[in-house]
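Residues per chain are reported as follows:
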Amino acid sequence: MIRTEEMLLNVGPQHPSTHGVFRIVIKIDGETIVEAKPVVGYLHRGTEKLAEDLEYTQIIPYTDRMDYLSAMTNNYVICHAVETMMGLALPERAEYLRVIVMELGRIASHLVWFGTYLLDIGAMSPFLYAFREREVIINLLNEISGGRLTFNYMRIGGVKWDAPEGWIDKVREFIPYMREQLSGYHDLVSGNEIFTTRVKGVGTYTKEDALSYSLSGANLRCTGVKWDLRKDEPYSIYDRFDFDVPVQQKGDAWSRYRCRMGEIEESLKILEQAVEQFPEGDFAKRPRVIKPPKGETYVRIESPRGEIGCYIASEGKKEPYRLKFRRPSFYNLQILPQLLKGANMANLVAILGAIDIVLGEVDG
Amino acid sequence: MLANEHDQDKSKAVTNDEGRSGKASAEERVREIKRKKELAKKEAEGEGKQSARSAAEERVRKIKEQKEKEKEAASEGEGGNSARSTAEERVREIKRKKEAAKRASDGDSSEPERKAARSAAEERVREIKRRKEQAKQSGKEGEAEPEKAAGEDDAKARAEARVKELKRKKEEARKAKENGEKASADDAKSGAEARVREIKRKKAEAKKKAAEGGRDSGSEAKSAAQERVREIKRRKAEAKEAGGSGGEKSEKEKKIAAMKAKARAKAAKAKAEKEEEQEPSPNQPLLDKYVKVIGGHLGEEVLEESYINRLAKDVPTLVAKPGTYYKIAEFLRHNEQLAFDYLSDIHGVDYETHMEVYVHLYSLQNRQPVALKVKINRNEPEIESLVPLWKGADWPERESYDLLGIRFKGHPNLTRIMMPDDWVGHPLRKDYEPYDVEV
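Residues numbered from 1 in each chain as written. Chains lettered and ligands numbered in written order. Predicted model: local features only at pLDDT ≥ 70, side-chain atom pairs only at ≥ 80, totals over all residues.

### Details of the overall build of chain A
In step 1: A count of helices and strands for chain A gives 15 helices and ten strands.
In step 2: Taking the contacts inside chain A whose residues are at least 6 apart along the sequence as the reference set, 70% of them involve residues at least 24 apart. (Helix = DSSP H or I, 4+ residues; strand = E, 2+ residues; numbered from the N terminus. Contact = placed C-beta atoms within 7 Å.)

Shown next, in the form of structure tokens:
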């Protein structure tokens, strides 16, 4: 009988595969993980505390820094919460502009995940392709908002600027280009036996676990739950578009990969329709005074990582009394100890990467 | 003060050359006037009458002396001799005057107003000193200790008393704050009001004084400023009238006015609409269903309140009592009819009067949302953990504990998650004060 001894191993907080500052203390028995203890909070900036002294418009740039891979959806959730409280109706053009930039952001975010996840598990070139396409989107968003990563583009009652001339045409041109590249990804990666063997059956959990752990986004849909807030609690103008919600059944890393790649396609579908329907008119109808009535609200929307929510308790003032973000990465990461328990040490990065976390969002 | 005296002496020298009798009478008159003013001032102040009297006496004595000197000088005869003697006399006179001034606190001055003010101030200082002295003595009766030591003791005692008083006040303030008593707020308010009144009174006094000072220039400036303001107003009005046809400014104003009117109309309309739509809400049947089912299984008394939160997309909101919170949550989770299997969010809010935990649930089976709230004691925030029902409540509850200090009973690992483990305080509490070792 061989006697084995458990060993403590510290991963992070500075580790490339954690995509930020994230630390896991793991106990390993040989190659098998016995216990994993995630440590977060290294990037906690106290956004919610800061927001209590800021006017609503001033909070928007802070939301850019939470999920910095898809800042547009963060911009949207705070604006949407305030607009819901104040009962504001947006001009058509503003809604379309918002949807277009959000869907572009969703594609960019999934591209980053696609590139870095494959990089994590040892494939170099998909990363370069993914970032090449992402650069096109970043340039488009830069053109409309003036920022490449932190856009600060949305305002309560609309958006900051109208689309520059010819911008919509550029988006229109981008759609077939992206479709072509996407089929290239499928040829290069999705059918690659090394990759599929590497991720199939890794980090599996059931539908019940996913629901109990409050997972959302692709992490939930990969277990067969057809749940997308764009469809099920329609906000903005998402009820006008015809698109599917990609669902997988296995609940493993491979299913999550399939879900996210499917979402890029669906986002392209939405973009295509939005560009066709793009109306004339005002790009914003901003209220002169932004003072939501006394009370509280909670709204949630679908971000690339899942369900992002915003709770505001208002005292009828310019500043929120209490602001709370329901950050999907924070909720999604909770399941990690369960997934790592009993897993092979070499799968640590494959499991962590498949959850698709952004540490700026985890730590608020 | 010295410069003034020199001036006075110069003028005196001139008068000396011209004729003594004239000078003497003139000086006499000037002094007389000064004395009167001084006396009037003292009387008006009604303070330090005694010392004022002594000052007046001093002056009278001085005048007498001077007169005698003058007589002597006159008897000595005229010429170089007498000139020298008068010069010497003057020097002596200056010295005497200085002393006298010191004693009588500027009894005679060339600029009555300024000097009077100063002497009055000094008078007051003396008065205060005297009173203190008296108080000290009266308080020290029977004590044989030296005055200085006693004074020190006294000072110490007073300082201690002050410190105690401060502490007491702080304590009171803290208690009042903690209890969230409105009374304290009222107190503070009334205090603030008193302060405001005090300031107003002071301002009024200052104004009065200024007016009494008879500063013509000041009032002139004021009237001139008023004139200017009037002028500007008139011009504006003119511009408004003239610009009716197409002035840029008036257009803007018109626009603003129109917008304001619009906003008002809109607000009124919105209000009216709100009042109208107060009745039907698409989620009202849902809320009724929840309340009915909960009431049927757990009893009518478990809910504190239930309403439709119109600000949050009409989400049915249930407010549980602290004792029934977990029971209701468990029921919402496991009841087959309701089946709220998804926890969307859980967090706390510090409302200063109480702490609130907000839970947003969703039923994927029925595609229906519900918000569950519970109000708990702010000083001892404690409530059951929901981790046994939804594993996803783990980290958010830790976050609430970390940032607000809410303790969740039955939580498997209730430790800080965002802040460092050795952090002091809970930053999102409204009474949070950053703790710094060096301060």
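### A closer look at the overall build of chain B
In step 1: The helix and strand tally for chain B stands at twelve helices and seven strands.
In step 2: Expressed as a percentage of its 439 residues, the buried residues of chain B come to 21%.
In step 3: Counting only contacts in chain B whose residues sit at least 6 apart along the sequence, the fraction spanning at least 24 positions is 51%. (Buried ≥ 20, exposed ≤ 12 C-beta atoms within 10 Å, placed from the backbone.)

### Some points on the interface of chain A and chain B
In step 1: Contact with chain A, which involves 34 residues of that partner, is made by 26 residues of chain B.
In step 2: Taken together, the elements giving at least two residues each to the side of chain A that touches chain B come down to helix 1 (47-51), helix 3 (71-86), helix 8 (207-212), strand 8 (295-303), strand 9 (306-314), strand 10 (322-326) and helix 12 (328-332) of chain A.
In step 3: At six residues, the largest contribution of residues to the side of chain A that touches chain B is made by strand 8 of chain A.
In step 4: In terms of residue class, the side of chain A that touches chain B is made up of 13 nonpolar, eleven polar and ten charged. (Nonpolar A, V, L, I, M, F, W, Y, C, P; charged D, E, K, R; others polar.)

### Remarks on the sheet that holds strand 4 (residues 23-29) of chain A
Residues and elements named next belong to chain A.
In step 1: Taken together, the three strands give an open sheet; going across it, the order is 1-4-5, and neighbouring strands pair in antiparallel fashion. The sheet is open, and its two edges are formed by strand 1 (7-11) and strand 5 (32-39), each paired on a single side. Shown here is a sheet whose adjacent strand axes are inclined to one another by a mean of 20 degrees, direction ignored.
In step 2: Relative to strand 5, strand 4 runs antiparallel, the two sharing seven bridges. Directly across from Lys-27, in strand 5, lies its bridge partner Glu-35. (Pairing = 2+ DSSP bridges. Axes fitted to C-alpha atoms, helices over the stretch in contact; angles between N-to-C directions.)

### A short note on unusual backbone geometry
Residue and element names in this part refer to chain B.
In step 1: Phi at Asp-314 takes a positive value of approximately 60 degrees, unusual for a residue other than glycine.
In step 2: By the secondary structure assignment, Asp-314 is in the loop between strand 1 (303-309) and strand 2 (315-320).
In step 3: Located in the positive-phi region is Arg-367, a residue other than glycine, with phi close to 55 degrees.
In step 4: Here Arg-367 lies in the loop between strand 4 (355-363) and strand 5 (368-376).
In step 5: Judged by the 10 C-beta atoms lying within 10 Å of it, Arg-367 falls in the exposed class.

### Looking at the sheet that holds strand 4 of chain B
All names here are of chain B.
In step 1: A sheet is described by the order of its strands in space; here five strands give the open sequence 1-2-5-4-3, paired in mixed fashion. Two strands lie at the open edges of the sheet, namely strand 1 and strand 3 (342-350), each paired on one side alone. Neighbouring strand axes in the sheet, compared pairwise and without regard to direction, differ in orientation by 20 degrees on average.
In step 2: Relative to strand 2, strand 1 is paired through six bridges, and the arrangement is antiparallel. Residue pairing across strands places Ser-306 opposite Leu-318, the latter belonging to strand 2.
In step 3: Helix-sheet contacts for helix 11 (residues 325-334) involve strand 2, strand 4 and strand 5, and the interaxial angle to strand 5 is about 170 degrees.

### Focus: the confidence of the model for chain B
All names here are of chain B.
In step 1: Averaged over all residues, the pLDDT of chain B equals 72, while 55% of them reach at least 70.
In step 2: Note on residues 141-149: pLDDT under 50 across the span, and two contacts to partners over four residues away in sequence or across chains.
In step 3: Note that pLDDT drops below 50 for residues 213-218; the model gives that stretch two contacts with residues more than four away or on any other chain.
In step 4: Reported confidences for the modelled complex are a pTM of 0.66 and an ipTM of 0.92. (pLDDT = per-residue confidence, 0-100.)

### Describing the environment of Pro320(A)
Residue and element names in this part refer to chain A.
In step 1: With respect to the secondary-structure elements, Pro-320 resides in the loop between strand 9 and strand 10.
In step 2: Using a count of 27 C-beta atoms within 10 Å as the deciding quantity, one classes Pro-320 as buried.
In step 3: Once the C-alpha coordinates of Pro-320 and Ile-59 are considered, the two residues, 261 residues apart in sequence, prove to be 9.7 Å apart.

### Section: the nonpolar core
In step 1: Counting residues in hydrophobic clusters, the biggest one holds 144 residues, and the most contacted among them are Val82(A), Ile100(A), Val101(A), Leu340(A), Ile351(A), Leu361(B) and Leu372(B).
In step 2: With 16 residues, the single largest contributor to this core is helix 4 (residues 92-120) of chain A.
In step 3: In contact with Leu340(A), not counting residues within four places along its chain, are Ile26(A), Ile33(A), Ala36(A), Leu348(A) and Ile351(A). (Core = buried A, V, L, I, M, F, W, Y, C linked by C-beta atoms within 7 Å.)

### With respect to helix 5 (residues 125-145) of chain A
Every α-helix carries 3.6 residues per turn, so stepping three or four residues along brings you back to the same face.
Residue and element names in this part refer to chain A.
In step 1: For helix 5, built from 21 residues, the straight-helix expectation of 30 Å at 1.5 Å per residue is met to within 8% by its first-to-last C-alpha distance of 30 Å.
In step 2: Those residues of helix 5 not exposed but buried are Pro-126, Ala-130, Glu-133, Ile-137, Leu-141, Ile-144 and Ser-145. Seen along its axis, helix 5 keeps its buried residues to an arc of 120 degrees; they face one direction. With respect to the buried face of helix 5, the exposed residues turned more than 90 degrees away are Ser-125, Leu-128, Arg-132 and Asn-139.
In step 3: Its buried side turned inward, helix 5 meets helix 4 and helix 6 (167-190). (Expected span 1.5 Å × (residues − 1). Arc of directions from axis to C-beta.)

### Details of the pairing of strand 10 of chain A
Residues and elements named next belong to chain A.
In step 1: Across the five residues that make up strand 10, a large majority, five, are buried.
In step 2: Of the two faces of strand 10, both are covered, the one formed by Arg-322, Lys-324 and Arg-326 as well as the one formed by Leu-323 and Phe-325.
In step 3: Direction of pairing for strand 9 relative to strand 10: antiparallel, over a ladder of five bridges. Bridge pairing links Cys-310 to Phe-325 in strand 10.

### With respect to the packing of helix 4 of chain A against helix 5 of chain A
All names here are of chain A.
In step 1: Two numbers describe how helix 4 lies on helix 5: the axes approach to 9 Å, and their chain directions differ by 155 degrees. By the criterion of interaxial angle, the relationship of helix 4 to helix 5 is roughly antiparallel. As for how helix 4 packs across helix 5, the hand of that crossing is left-handed. Here helix 4 contributes Val-101, Leu-104, Ile-107, Ala-108, Leu-111, Val-112, Phe-114, Gly-115, Thr-116, Leu-118 and Leu-119 to the contact with helix 5, which in turn contributes Pro-126, Phe-127, Ala-130, Phe-131, Glu-133, Arg-134, Ile-137, Ile-138, Leu-140, Leu-141 and Ile-144.
In step 2: Its residues placed into classes, the contact of helix 4 with helix 5 shows 18 nonpolar, two polar and two charged. (Parallel < 35°, antiparallel > 145°, perpendicular 65-115°, else oblique. Left-handed = near helix turned anticlockwise from the far one by under 90°.)

### Re the environment of Pro38(A)
Residue and element names in this part refer to chain A.
In step 1: Following the sequence through the fold, Pro-38 ends up in strand 5.
In step 2: We classify Pro-38 as buried; it has 21 C-beta atoms within 10 Å.
In step 3: Residues Pro-38 and Ile-24, spaced 14 residues apart in sequence, show a C-alpha to C-alpha distance of 4.3 Å.
In step 4: If we ignore the near neighbours within four places in the chain, the residues touching Pro-38 are Ile-24, Leu-333, Leu-336 and Pro-337.

### Quick notes on helix 2 (residues 56-64) of chain A
In step 1: Listed as buried for helix 2 of chain A are Tyr56(A), Ile59(A), Ile60(A), Tyr62(A), Thr63(A) and Asp64(A).
In step 2: Summarising the contacts, the buried residues of helix 2 of chain A are in contact with helix 1, helix 3, strand 6 (154-155) and strand 10 of chain A.

### Considering the pairing of strand 5 of chain B
Residue and element names in this part refer to chain B.
In step 1: In terms of strand pairing, strand 2 meets strand 5 through four bridges, oriented parallel. Pairing of Val-319 across the sheet is with Lys-373, part of strand 5.
In step 2: Where strand 4 lies against strand 5, nine bridges are found, and the strand directions are antiparallel. Bridge assignment links Leu-361 to a residue of strand 5, and that residue is Val-370.
In step 3: Following strand 4, the chain reverses through four residues before pairing antiparallel with strand 5; Arg-367 in that reversal takes a positive phi of roughly 55 degrees.

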